[in-house]
Amino acid sequence: MSGRVWNLRLPLPDWPAVTVESAYGGGETMLRIEGRDVLCAQDRDDLRRGVSADLDGRTLRMKLDEDGAGGALHVEIDGIPAVDESSLSPRASRTAWRHALLVAAASLAGFIASYLYLERAYATDSVWSLKMAYHMAGWHLVLTLVLAPAVILFGRIGIRFVQGTAALFFAIHLGIAISNALDPASLHHGGAIALWNAVSGLFFLAAVPYGNVAWRDMDPVLALKAELTR
């Protein structure tokens, strides 16, 4: 079956995941709880009338209300509506803030390396070092303005985006660190630039696995439970 999909949470203990999938053209609509087929509407007319099933002594009901644009699907148990996952907005957890701080620290180290490139450019009259200073500063300004806010504002989606970006910039900073470490000892600030690029890369590297911790703590069900206990 392929068509529109709704992801909901049913108001039962542990808020089990509900997936409702409808076929194109008004065909069968299937409701699954944690992957198990529980309730089925054979066609659109069936769904308009509403279908129900017994679930451990409780009444599970699914109905399509076509008032308004596109209609609205209602799923409820004993008259209590299910919650649409897309409506859940978890507050940033402590681990999410730490994840944001990791990528901010990585950019701070990158800014230091950029400043050292700038000093090298003026000391050695190197156009290439000046370009590196501006290039590195520009990228880290963008990363500072994008990565940390992405974690805090966009939750799990932002965390996954940051993890992928952090892995890429770890590889970039590793290459720059190795390049400077292998340069002649007489090269201005070569060792310090290598060090701060390595530090930046290590912060980016730490942000990749730690993002999994933050991702788990930004569980929408935890947010739902927190909302209900306020």
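What you see is a predicted model; the values in this text were computed from it and never measured. (Residues numbered from 1 in each chain as written. Predicted model: local features only at pLDDT ≥ 70, side-chain atom pairs only at ≥ 80, totals over all residues. Heavy atoms only, no water.)

Quick word on the overall build of the protein
Inference 1: On a plain count of helices and strands, the protein comes out with five helices and nine strands.
Inference 2: Reading the protein from its N end, one meets helices and strands in the order β-β-β-β-α-β-β-β-β-β-α-α-α-α.
Inference 3: Residues counted as buried form 38% of the 230 residues belonging to the protein.
Inference 4: Here the contacts in the protein between residues at least 6 apart in sequence split such that 49% fall between residues at least 24 apart.
Inference 5: Taken as a whole, the protein presents about 12600 Å² of accessible surface, with 61% of it coming from carbon and sulfur. (Helix = DSSP H or I, 4+ residues; strand = E, 2+ residues; numbered from the N terminus. Buried < 20%, exposed > 50% of the residue type's maximum accessible area, 1.4 Å probe, protein only. Contact = heavy atoms within 4.5 Å. Areas by Shrake-Rupley, 256 points an atom, 1.4 Å probe, with all protein chains shown as cover.)

Thoughts on the sheet that holds strand β3 (residues 29–33)
Inference 1: As summarised here, the arrangement of the five strands in space is β4-β3-β2-β1-β9, forming an open sheet in which the pairing is antiparallel. On the outer flanks of this sheet lie β4 (36–41) and β9 (83–84), each paired with one strand and no other.
Inference 2: In this sheet, β4 lies alongside β3 in antiparallel orientation, the contact comprising five bridges. The residue of β4 that forms the bridge with L31 is L39. (Pairing = 2+ DSSP bridges.)

A look at helix α3 (residues 127–181)
Inference 1: A rise of 1.5 Å per residue sets the reference length of α3, with its 55 residues, at 81 Å; its end C-alpha atoms lie only 20 Å apart and thus fall more than 12% short of the reference.
Inference 2: Where α3 bends most, at G155, the angle is about 150°. (Expected span 1.5 Å × (residues − 1). Bend = angle between axes of the 7 residues up to and from the residue.)

Here's the deal with the nonpolar core
Inference 1: One finds L10, V20, L31, L60, M62 and V75 to be the most contacted residues of the largest nonpolar core, which totals 21 residues.
Inference 2: If we ignore the near neighbours within four places in the chain, the residues touching V75 are L8, L10, V20, L31, L60, R61, M62, I80, P81 and A82.
Inference 3: In terms of nonpolar packing, the next biggest core, distinct from the first, is built from 18 residues, A106, L143, A148 and V151 among them. (Core = buried A, V, L, I, M, F, W, Y, C linked by side-chain atoms within 4.5 Å.)

Quick notes on a nonpolar patch on the surface
Inference 1: Residues F111, W139, L141, V142, L145, V146 and F161 make up a contiguous nonpolar surface patch of about 640 Å² in total accessible area.
Inference 2: Per-element tally for the nonpolar patch: the top contributor is α3, with six residues.
Inference 3: With respect to the secondary-structure elements, V142 resides in helix α3.
Inference 4: Residue V142 is classed as partly exposed on the basis of its relative accessible area, which comes to 41%. (Patch = residues over 30% accessible without salt bridge, like charges linked within 9 Å, V, L, I, M, F, W, Y side chains within 5 Å. Salt bridge = Lys/Arg side-chain N within 4 Å of Asp/Glu carboxyl O.)

Section: the pattern of salt bridges
Inference 1: Under the defined criterion, the tally for this structure stands at five salt bridges.
Inference 2: Between D46 and R49 there is a salt bridge, with its nearest N and O atoms 3.7 Å apart. Placement of the pair is D46 and R49 together in helix α1 (residues 44–49), with a separation of three residues, close to one helical turn.
Inference 3: According to the relative accessible area criterion, R49 is exposed, its value standing at 56%.

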